[in-house]
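A structural walkthrough
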Amino acid sequence: PTTKKMVAAMCSAVKTNDFSLAWSLADRLPKLCDGFGVALEAAEARLECACCILEMGNTRASIKFFQDAASRYHSSPHHRGVSLWLLGHALWKMGGYENEAILAWRKSIKIFGSIQQESRFISSEKQEWYQARQHEMRKTLKAEMMKRGITSEFVPPKRKHEQRTRKQAALSQTFLKK
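Our subject in this report is the structure included herewith. (Residues numbered from 1 in each chain as written. Predicted model: local features only at pLDDT ≥ 70, side-chain atom pairs only at ≥ 80, totals over all residues. Heavy atoms only, no water.)

Our focus in this paragraph is unusual backbone geometry. Positive phi is not limited to glycine here, since N17 has a value of about 60°. Locating N17 in the fold gives a position in the loop between helix 1 (2-15) and helix 2 (19-36). (Helix = DSSP H or I, 4+ residues; strand = E, 2+ residues; numbered from the N terminus.)

Shown next as structure tokens:
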């Protein structure tokens, strides 16, 4: 109950542009959840924080929270897939991380495909839902790539004068390790 109240307060603070309160809650919430020792709750808290931080306009900080959330969803492939999709969205929004965005979205599509294939464990209605999401995801991935003039799923490194900053490179390496 405490974490749900904190999440609600954080979301409310974002909607009312009380960003200092929202940041304070986003800083405290993951630490609180870590103390409970429940992995899913810790991952969910980070995902909620990431969404609020992205809504506040700090894409770079949201990416770190999305990465952390995705890495903590060990026992929930559905939530890991959602986290990776949202991570990819933030990476596209940030710009300069096309390869990482494509990779995140491909992983998400693959996870949803694996879930959908587990026909003996999920209902036909859920199988259809996962199939529809995969179709939407592929369509969105293709549209994002076309919008940016990307013709393959690997974007070659930029020329020397267009190289990424050290921070961008570090962020990229952090993502690729996950």
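Now for the packing of helix 6 (residues 98-117) against helix 7 (residues 124-147). Orientation of helix 6 relative to helix 7, taken along the N-to-C sense of each, is 165°, at an axis distance of 9 Å. Taken together, the axes of helix 6 and helix 7 lie roughly antiparallel to each other. Considering only the axes of helix 6 and helix 7, their crossing is left-handed. Together, I102, W105, R106, S108, I109, F112, G113, I115 and Q116 of helix 6 and Q127, W129, Y130, Q131, R133, Q134, M137, R138, T140, L141, E144 and M145 of helix 7 make up the contact between the two elements. (Axes fitted to C-alpha atoms, helices over the stretch in contact; angles between N-to-C directions. Parallel < 35°, antiparallel > 145°, perpendicular 65-115°, else oblique. Left-handed = near helix turned anticlockwise from the far one by under 90°. Contact = heavy atoms within 4.5 Å.)

Moving on: the packing of aromatic side chains. Under the counting rule described, the total for this entry stands at five aromatic pairs. Consider the rings of W85 and W105, whose centres lie 3.8 Å apart with planes at 10°: the pair is stacked. Taken together, the residues W85 in helix 5 (residues 77-94) and W105 in helix 6 connect sequence positions 20 residues apart. Each member of the pair, W85 as well as W105, is classed as buried. Among the aromatic side chains, those forming a connected cluster through ring pairs are W85, W92 and W105. (Phe/Tyr/Trp six-rings, centres within 6.5 Å; stacked < 30°, edge-to-face > 60°. Buried < 20%, exposed > 50% of the residue type's maximum accessible area, 1.4 Å probe, protein only.)

For the rest of this paragraph, the subject is helix 1. Count 3.6 residues to each turn of an α-helix, and residues three or four apart come out pointing the same way. Its 14 residues give helix 1 an end-to-end C-alpha distance of 20 Å, which sits within 8% of 20 Å, the value for a rise of 1.5 Å per residue. Listing the buried residues of helix 1 in full gives T3, M6, V7, M10, A13 and V14. Take helix 1 and look down its axis: the buried residues cluster within an arc of 125°, on one side only. Among the exposed residues of helix 1, those oriented more than 90 degrees off its buried face are K4, K5 and K15. Here the buried face of helix 1 lies against helix 2 and helix 3 (39-55). (Expected span 1.5 Å × (residues − 1). Arc of directions from axis to C-beta.)

This part covers the pattern of salt bridges. For the structure shown, the criterion picks out eight salt bridges. Where R133 meets E136, a salt bridge forms, and the shortest distance between an N and an O atom there is 2.6 Å. Within this pair, R133 and its partner E136 are both found in helix 7, separated by three residues, close to a single helical turn. Of the charged contacts in the structure, one is a salt bridge between K147 and E144, with a shortest N-O distance of 3.4 Å. On the criterion of helical spacing, the pair formed by K147 and E144 is a turn pair, its members being three residues apart in helix 7. (Salt bridge = Lys/Arg side-chain N within 4 Å of Asp/Glu carboxyl O.)

Further remarks concern the environment of Q117. For Q117, the position within the fold is in helix 6. Taking the C-alpha atoms as reference, Q117 lies 9.4 Å from Q131; in sequence the two are 14 residues apart.

The next point concerns the nonpolar core. M10, L29 and W92 are the most contacted members of the largest nonpolar core, which has 48 residues in total. If you list the elements that add at least two residues to this core, you get helix 1, helix 2, helix 3, helix 4 (59-72), helix 5, helix 6 and helix 7. No other element matches the nine residues that helix 3 contributes to this core. When near neighbours in sequence (up to four residues on either side) are disregarded, L29 contacts T3, M6, V7, M10, A45 and C49. (Core = buried A, V, L, I, M, F, W, Y, C linked by side-chain atoms within 4.5 Å.)

A separate point is the environment of F19. In this structure, F19 sits in helix 2. For the pair F19 and C52, spaced 33 residues apart in the sequence, the C-alpha separation amounts to 9.7 Å. With near-sequence residues (within four places) excluded, F19 lies in contact with A13, V14 and M56.

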